[in-house]
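Results of the structural survey
Listed below, chain by chain, are the residues.
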Amino acid sequence: MQSFGKFLQSGDWKGEKHVPVIHAPEKVSAGEEFEIKITIGDAVRHPNSFEHYIAWFKVFFHPEGAKFPIEIANFNFTTHGEGDNFTDPVGATSAKLSKSGTIYAISYCNIHGVWENSKEIVVE
Ligand SMILES: [Fe+2]
């Protein structure tokens, strides 16, 4: 069997325009609502054209000590220049956590594949 994991690429989002950027607090209180916002190209803008675009983000949370991650959001961007209209690759949701853990974001470029990033979050 081949593992899909070998396709996941990563890097520093400040130099690599495909890496999803996770905007979330470093610390939150248990049960406190906060925003998780995923962007891309914060430092180096990714193209958004009919030929070359970011198609989606998927977001997971892995609570410390848990066996599996929890899928918390999906963002699909479906307009890339049709009639000069665009959906920019920005996704936001609110969340409440009960345990510290790690947020994972995965992005997909139709030409350059699948990219990942993660951010630890402390729940007090
Ligand atoms: Fe790309």
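Residues numbered from 1 in each chain as written. Predicted model: local features only at pLDDT ≥ 70, side-chain atom pairs only at ≥ 80, totals over all residues. Heavy atoms only, no water.

Just so we agree on the cut-off: UniProt positions are given in the numbering used here, feature names are shortened, and annotations may be inferred rather than shown by experiment.
Looking at an unreviewed UniProt entry, one finds the protein named Superoxide reductase, with Alkaliphilus hydrothermalis as its source organism. Word for word, the UniProt comment on the protein under Sequence similarities (unreviewed entry) is "Belongs to the desulfoferrodoxin family."

Describing the sheet that holds strand S6 (residues 91-95)
Here is the rule: We call two strands paired when DSSP finds no fewer than two bridges between them. Helix and strand definitions here come from DSSP, where helices need a minimum of 4 consecutive H or I residues and strands a minimum of 2 consecutive E residues; each element is numbered from the N-terminal end. A fitted line through C-alpha atoms represents every axis, and for helices the fit uses only the stretch in contact; the resulting angles, taken between N-to-C directions, go from 0 to 180 degrees.
The three strands lie next to each other as S1-S3-S6, forming an open sheet whose pairing is antiparallel. Edge strands, defined here as strands with exactly one partner in the open sheet, are strand S1 (20-23) and S6. On average, each strand axis in the sheet is tilted by 20 degrees relative to the strand beside it, whichever way the strands run. With four bridges joining them, S1 and strand S3 (residues 34-40) adopt antiparallel strand pairing. The residue of S3 that forms the bridge with isoleucine 22 is isoleucine 38.

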